[in-house]
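Commentary on secondary and tertiary structure
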Amino acid sequence: MSQLKYCQQLFVSPQWLFGNITTSDNNTQDDSCIVVVDCRFSLTDPLLGRSQYQMGHIPGAYYLDLNQDLSGAVGQHGGRHPLPDVSILADKLAQMGINHGESLVVAYDDSRLAFASRLWWLLRYLGHENVAVLDGGFSGWQSLGYPVSNIPSTIPGTRGNFTPHPQATKIVDFNYVKHYVKQINQSTLTENKPVLIDAREGDRYRGEREPIDPIAGHIPGAINYPWQGVTNAQGYLLSEQGERWQAIANSPEIIVYCGSGVTACVNLLSLEIAGISTAKLYPGSWSDWISYQTNNMFSFIRPDLSEFTSYKPHPSSDTLEPVNTELDRLDTNESPYDLPQEIKKKLAETFQHTIESNRYPDGGHEALKAEIAQYVSESAGLSSDSFSAVHISVGNGSDELIRSLLISTCLGGAGSILVANPTFSMYAILAQTLGISVVSVGRNHDHFEMDLAAAQTALEGANPPVRAVFVVHPNSPTANCLTISELNWLQGLPPDILVVIDEAYFEFSQNTLVEKLIKHPNWVILRTFSKAFRLAAMRVGYCVGHPQVISILEKVRLPYNLPSFSLAGALVALQNRQLLLSSIAETLTERDKLIRDLSTHPILEVVPSNTNFIYVRLKHNHSPDGVLKTISQKLRSQGTLIRLLPGGLRITIGTPEENARTLNRLGQI
């Protein structure tokens, strides 16, 4: 025991660990001087680490979760992984039998020390320096054929004595770093000056890519030492740790940060191995730095955008990386069916023989507008001459059209918009990017009708005045069409308020208000080719409205706003609409089947749907806190992506096979 009591190793090999630990039959570590902790985790799948531990771990190892155990509660500031409550963590460590200053703690993961180093640093921060990481991690242990257990370790009979002694000199906060940045930038020294190290990957440091945080870039004055440079691809520490830090070895002060204070600890470990033990951690790191509204890297950027959260292309993902095509992607309301091969062949021929890549696309869209006008009239059961090209504006998705409508009505403090949440988030997001105020009202809990009394009050008291009202018909995410009361309220709005009715899901609901445009010139209708027409990749939307409104949109929109291939795709889709829209019947059948099968679920309530998706929420006797997120994460870990929302889950109708898998997975929750 005394030999290990003062062990000050920074890392141990799998061979050393195997030779120094033994476990009893109940999977409790017999030698209380060594406590092994599994720290495996995934930022993109928070449940993965614990699942991996349950499937197999080093015998006797305990598990600590980055989010639940090694981090504190997330607030407005402090970053994505604030330091945990010292007393709570100390209690957990004591329960594992760890004695402060005595027990050797060995931390491992399977992510090149990314999470094991967090525990390593935390223990040293708490004054417990007898901690090491496992070189090579769990994979290194397995590669040597050492035993693996799937039995969770039990709490030892004797509680440890862990009294934390936080080392304030090991951390810095936002204000310290802010002052530090000024000091670095004002320094005229070329050598031996303070150093601020960004431990993230080079492209994130340079601001070329940011998969997690809302703002890309780095803290001014920081230099880049990516944390992956500490180990090889297999997670083994490289031998040249001293050489890595030679250029800054004599710096009077070193501060290390990353995205949220986790992988920076890998660099701190490396610095310690190199004999540099004075480096400090900025726990909040980049995610804390950008949380301060006045903390723009560039003073010419509007301060309010620092608080702005951008739209996530893949809402169910924690990163901006492309979604794995092997997953059942039921989170973005796309069609589950690609274009038929005969349509793709026509498009390929068009690209090969008609489209000139060296020429700008058709900027007027006249041929497509004429085809859209005919379809709109047909879809509303009106005469073919009811609408023409002058009633149509085409955009790069409906998003561009929404932006053009906002610019035309509310920009420059001229007005605000009104929305009823929950609804399509891009109305508010685009308004915020333009500095336009958003007035939000709620919806009835039972049937999702907007709070008309609150909406009327908002109209009467908003400053700046409401100039546009946005509604979805049927609504996303709640899948309900506008009610008679809502329609009456919209029809009673004064003509100086624009009413935007988004019919993105018309082809599924077959419920349109197009015929009302004739009597209401202040109304416009938005539609898209991204859903039933299967052209989500081509980004084509259109607006139907009074010619004078359309003429303004044509002035506001960008020139050549749609690529030639997208224009050709939309035109071919309309010319072959019977073929493309034939899949709707199966989608509706599958939707009704999904609703019927989920109606008996013990905790989930499915509401009626007029769309290609369903909205699911918890039954009244279940609290939503954390439950919906857990369901979403479990489905994702099993291969199904759905949309997690504050009050429910939105599930796109997929192929019969995808729907069957989703039902099966939901049934297991």
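Procedures and definitions
Residues numbered from 1 in each chain as written. Predicted model: local features only at pLDDT ≥ 70, side-chain atom pairs only at ≥ 80, totals over all residues. Heavy atoms only, no water. UniProt positions renumbered as here; feature names shortened; annotations may be inferred. Buried < 20%, exposed > 50% of the residue type's maximum accessible area, 1.4 Å probe, protein only. Helix = DSSP H or I, 4+ residues; strand = E, 2+ residues; numbered from the N terminus. Pairing = 2+ DSSP bridges. Right-handed = clockwise from strand over helix to strand, strands pointing away. Domains from an automatic or database assignment. Contact = heavy atoms within 4.5 Å. Buried area = accessible area lost by both parts, 1.4 Å probe. Axes fitted to C-alpha atoms, helices over the stretch in contact; angles between N-to-C directions. Polar contact = N/O pair within 3.5 Å; in protein donor to acceptor, adjacent residues only side chain to side chain.

An unreviewed UniProt entry lists the protein under the name Histidinol-phosphate aminotransferase, from Cylindrospermopsis curvispora GIHE-G1. The protein has a UniProt comment under Pathway (unreviewed entry) that states "Amino-acid biosynthesis; L-histidine biosynthesis; L-histidine from 5-phospho-alpha-D-ribose 1-diphosphate: step 7/9." Quoted verbatim from the Subunit (unreviewed entry) heading of the UniProt record, the comment on the protein is "Homodimer."

What to know about the pairing of strand β13 (residues 438-441)
With burial as the criterion, only one face of β13 is covered, namely that bearing V439 and V441; the residues V438 and S440 on the opposite face remain uncovered. Sheet topology note: the strand β12 (residues 416-420)/β13 ladder contains 4 bridges and is parallel. Looking at β13, one finds that V419 is bridged to S440. Of the crossover connections in this fold, the one passing from β12 over helix α15 (residues 426-433) to the parallel β13 is right-handed.

Section: the domain arrangement of the protein
Partitioning the protein into structural domains gives domain 1 (11-167), domain 2 (174-292), domain 3 (328-334 + 581-668) and domain 4 (341-580). Placing a centre on the C-alpha atoms of domain 1 and another on those of domain 3 gives a separation of 36 Å. If you look at the interface, domain 1 gives 4 residues, while domain 3 gives 5 residues. The contact between domain 1 and domain 3 buries some 330 Å² in all, and 54% of this surface belongs to carbon and sulfur atoms. Three residues stand out in domain 1 for area buried against domain 3, namely D45, P46 and L47, and they jointly supply 86% of the buried area on that side.

Focus on the sheet that holds strand β5 (residues 131-134)
Read from one edge of the open sheet, 5 strands run β1-β5-β4-β2-β3, paired in parallel fashion. Only two strands of the sheet have a single neighbouring strand rather than two, namely β1 (11-12) and β3 (62-63). When strand β2 (residues 34-38) meets strand β4 (residues 104-108), the two strands line up parallel, connected through 5 bridges. Its bridge partner being in β4, V37 is matched across the sheet by A107. Its contacts with the sheet place helix α5 (residues 116-125) against β2, β4 and β5, and it is angled at close to 175° to β5.

Brief notes about the side chain of T512
Topologically, T512 is positioned in the loop between α18 (506-509) and β16 (523-528). Owing to a relative accessible area of 11%, T512 belongs among the buried residues under this scheme. For T512, the side chain forms a polar contact with the side chain of E503, separated by 2.8 Å. Apart from the residues within four sequence positions on either side, T512 is in contact with S379, A380, H473, E503, F506 and R527.

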